[in-house]
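# Descriptive structure summary
Each chain, letter by letter, is given below.
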Amino acid sequence: MDDADLVRKAQGGDILAFEQLVFRHDKNVLSIAARYVTSADDAKDIYQEVFLRVYRGLKRFRFRSEFSTWVHRITVNVCLTHRSRSRRTLPTLFLNDRNDEDADSHGEIRDPAWGPDHQAVSADISSRIEKALESLSPKQKLVFTLRHMEGYRLQEIALMMNCVEGTVKRYLFTATRRMRDQLRDTL
Amino acid sequence: MKHDEYRDLLLLSASGGIDADEQAVLERHLKTCDQCSREYGELQNLHRALTEHRPGIEADERLLNEARQELRIALRKEALRRSAWFSWLDPGEYGPAPRFALGAAFTLAIGFLLGRSLFPPAPVQENLPVASLTPSGGSRPEEGRTKITNVHFIDHGRGTGEIEFTFDAVTPVRMRGSIDDPKIQKVLTHAMLNEENPGIRLQAVHAINRQDVESQDSETKSALIKALAADANAGVRKEALNALRRLPFDGEIKKALLRTLMSDGNPGLRVAAINALDSARTSVSGVDGDILNVLKEKAETDDNNYIRVKARAVIQEATGQ
C-alpha cells in the first residue's frame, strides 16, 4: 500500500493507517531534528510537533505534493521556529559521557585506541563545531545540516524549504564560508 | 572564469553542491592555483571533521521508541480534545447547526444572568450535596477525613443572619463488593486510566483481569485498549494486553494488537501482540489484509529476530507462500 492510499484511509479516521504513515517517515524526521538541535528532549519536541501538525492538517492534505515532501516541509518549518524548551542544551562533553555510560552498561568493548585523550579532543572539536553552527542563521544552519550531515540533495532541500535551488545554494554557500572561517584554527 | 568564481565553486564543492562538469573545471584550476588548492584542502578538512565529529545527537532506536511513545500519548490527548470541542464546532463535518446551538446557549446564558440580577433568588434552605452523602451499597465514606477546598461565598448574609456558599468536598471512600459489580468495575477502570502511580494502575488491571469475561462491558474493553495503547508503563500495557486476550476477538481488539505490534517500543509487548494475533488467527478470525500488511512490514523491518521469524511463519501458514 503506498502513501497516498494510507493518507486516504487516515483521512477517513483510520488511526492504524496514520500510524503506518508515521512509521514510514518518522526516522527521517527524528534524524533531521536530532542534527538540528543538541538535546534529546528538543529533538523529541520537534518530532512530536511535526506529527501533531500532520495529524491536524491531514484532512486538508490535497495530494498536490508527495506526502513525504509535505512532512519534510513541516519538519523544516518546525525546526526553523523551534525554541529550546528550557534552553537546557547540554555541553557536548556531557552528552558523550552519557553515551559512554550506556555503552558500558550494554557490555560493549571499546576500541583500545579510543583513550581518554582522544575522547577529550573529539569532544572539544564537536563542541567547537556546535558553537560554529549556532552562529549561523536558522535557515543557514538547517540547509548546512541537511546537506553535510543528512546527505540530502540540493533539489530535495529546495522542495522541503519551498524555494528554488539557487536560494538553497546561497544559504549553503554562506554557511560553509562561515563554518570554515570559524573552524580554521581547529581543523 | 574569474578567480572569485572558482572560489565560489570551491565552497559549493565541499558539500557536493556542484555537478560533474563544474567539478572537472574546478579540478583543472586547482592544478594551476596554489591559493585555491590550499583553500580546497581546508574545506576537505571541514568536511572530514563534520563526518568524524558529527554534532547533534544520534537518532538511535531508543530515542525513536521514546519519541513514538510520547507521540502516541499526545495523539490520544489530541483526539480526546477534538472529540470534546473541535468536532463539535467543526462546520466541515457537522454543518452549521452546532454554531447555532452554541449561539442559542450563549443567548440563554446572558438571559439567565440578566434574570438573576433583576430577580435575585430567595436564600437556599436545603442541604448541600455533601450533607446528604450517605453510604450506599458496599461503599462508605471514611469519617472525619473529608477535605474541603474552593470555598466560594454566594451570599454573605448581611442583615439576614443566613449565609450561602459552595465548596468542594473530597472524601476517601472505602468500597467492598464483588469484583463483577459494575460500580466496582467503574472505579477500577477509572484507576487504570487516571492514577498517577503505575503500581496502582497495574493492580487495577490485575483486578479487571480476574473478573468474569461475561461481566466485562464495552467500557472496560475500551479502557483496556486505551491502557495498552498509551500507558507509559510496560507492565501495565502487558497486563492490559493479557486482559484483552481473554475477551472475544473483534475488530477493535485486532486494531489494538496491530498498533502494539507496529509501534510499541518494548519488544516483549510486540512479541505478546504477535502471539495474540496468531492465536486469534488459528482459533477465530483467519488473517485479513490489515494483519497481513503489518506482518509483512514486521517480517522485514522489526529489529527483534523472534518477531521477524514469527511474522514470516504466520504469513507462510496463512497464505501458503
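Residues numbered from 1 in each chain as written. Chains lettered and ligands numbered in written order. Predicted model: local features only at pLDDT ≥ 70, side-chain atom pairs only at ≥ 80, totals over all residues.

## Notes on the overall build of chain B
Scanning chain B for helices and strands turns up 14 helices and four strands. Within chain B, the proportion of its 321 residues that are buried is 24%. The contacts in chain B between residues at least 6 apart in sequence include a share of 55% that link residues at least 24 apart. (Helix = DSSP H or I, 4+ residues; strand = E, 2+ residues; numbered from the N terminus. Buried ≥ 20, exposed ≤ 12 C-beta atoms within 10 Å, placed from the backbone. Contact = placed C-beta atoms within 7 Å.)

## Quick look at the overall build of chain A
Secondary structure summary: chain A contains nine helices and zero strands in total. Relative to its 187 residues, chain A shows a buried fraction of 38%. Once local pairs closer than 6 in sequence are excluded, the contacts in chain A between residues at least 24 apart make up 69%.

## Examining the packing of helix 1 (residues 3-11) of chain A against helix 2 (residues 15-36) of chain A
Residues and elements named next belong to chain A. Closest axis-to-axis distance for the helix 1/helix 2 pair is 7 Å, and the angle between their directions is 140°. The orientation of helix 1 with respect to helix 2, classified from their angle, is oblique. When the axes of helix 1 and helix 2 are compared, the crossing they make is left-handed. Residues Asp-3, Leu-6, Val-7, Lys-9 and Ala-10 of helix 1 form the contact with helix 2, whose participating residues are Ala-17, Phe-18, Gln-20 and Leu-21. Of the residues assigned to the contact of helix 1 with helix 2, the class counts are six nonpolar, one polar and two charged. (Axes fitted to C-alpha atoms, helices over the stretch in contact; angles between N-to-C directions. Parallel < 35°, antiparallel > 145°, perpendicular 65-115°, else oblique. Left-handed = near helix turned anticlockwise from the far one by under 90°. Nonpolar A, V, L, I, M, F, W, Y, C, P; charged D, E, K, R; others polar.)

## Considering the interface of chain B and chain A
Of the residues lining the interface, 36 residues belong to chain B; the matching set on chain A comes to 42 residues. Breaking the side of chain B that touches chain A down by element, the ones donating at least two residues are helix 1 (3-13), helix 3 (34-52), helix 4 (61-89), helix 11 (251-263) and helix 13 (289-301) of chain B. Among the elements that make up the side of chain B that touches chain A, the one with the highest residue count is helix 4 of chain B (ten residues). For the side of chain B that touches chain A, the per-class residue count stands at 18 nonpolar, seven polar and eleven charged.

## Quick look at helix 13 of chain B
Residues and elements named next belong to chain B. Taking 1.5 Å as the rise per residue, helix 13 with 13 residues should run 18 Å; its terminal C-alpha atoms sit 18 Å apart, in good agreement. Looking at helix 13, one finds that the buried residues are Ile-291, Val-294, Leu-295 and Lys-298. For helix 13, the arc enclosing every buried residue in end-on projection is 100°, short of the 170-degree limit, so these residues lie on one face. Residues of helix 13 that are exposed and point over 90 degrees away from its buried face: Gly-289 and Glu-300. (Expected span 1.5 Å × (residues − 1). Arc of directions from axis to C-beta.)

## Comments concerning the confidence of the model for chain A
Residues and elements named next belong to chain A. For chain A, per-residue confidence averages 80 on the pLDDT scale, and 79% of positions sit at 70 or higher. When the elements of chain A are averaged for pLDDT, helix 5 (residues 92-105) gives the smallest value, 34, and helix 3 (residues 40-57) the largest, 94. The low-confidence segment residues 86-114 (pLDDT under 50) makes 20 contacts with residues lying over four places distant or belonging to another chain. (pLDDT = per-residue confidence, 0-100.)

## With respect to the nonpolar core
Soluble globular proteins: nonpolar side chains tend toward being buried together. Among the nonpolar cores identified, the biggest contains 99 residues, and A:Ala33, A:Ala43 and A:Tyr47 are the most heavily contacted of them. Sorting elements by how many residues they give to this core places helix 2 of chain A first, with eleven residues. (Core = buried A, V, L, I, M, F, W, Y, C linked by C-beta atoms within 7 Å.)

## Some words on helix 14 (residues 305-319) of chain B
Within an α-helix, residues lying three or four positions from one another point in the same direction, as the helix has 3.6 residues per turn. Residues and elements named next belong to chain B. Between the first and last C-alpha of helix 14 there are 21 Å, a value that for 15 residues agrees with the 21 Å anticipated at 1.5 Å per step. Those residues of helix 14 not exposed but buried are Ile-307, Lys-310, Ala-311 and Val-314. Down the axis of helix 14, the buried set is contained in an arc of 105°. They therefore lie on one face. Exposed and oriented more than 90 degrees from the buried face of helix 14 are Asn-305, Val-309 and Gln-316.

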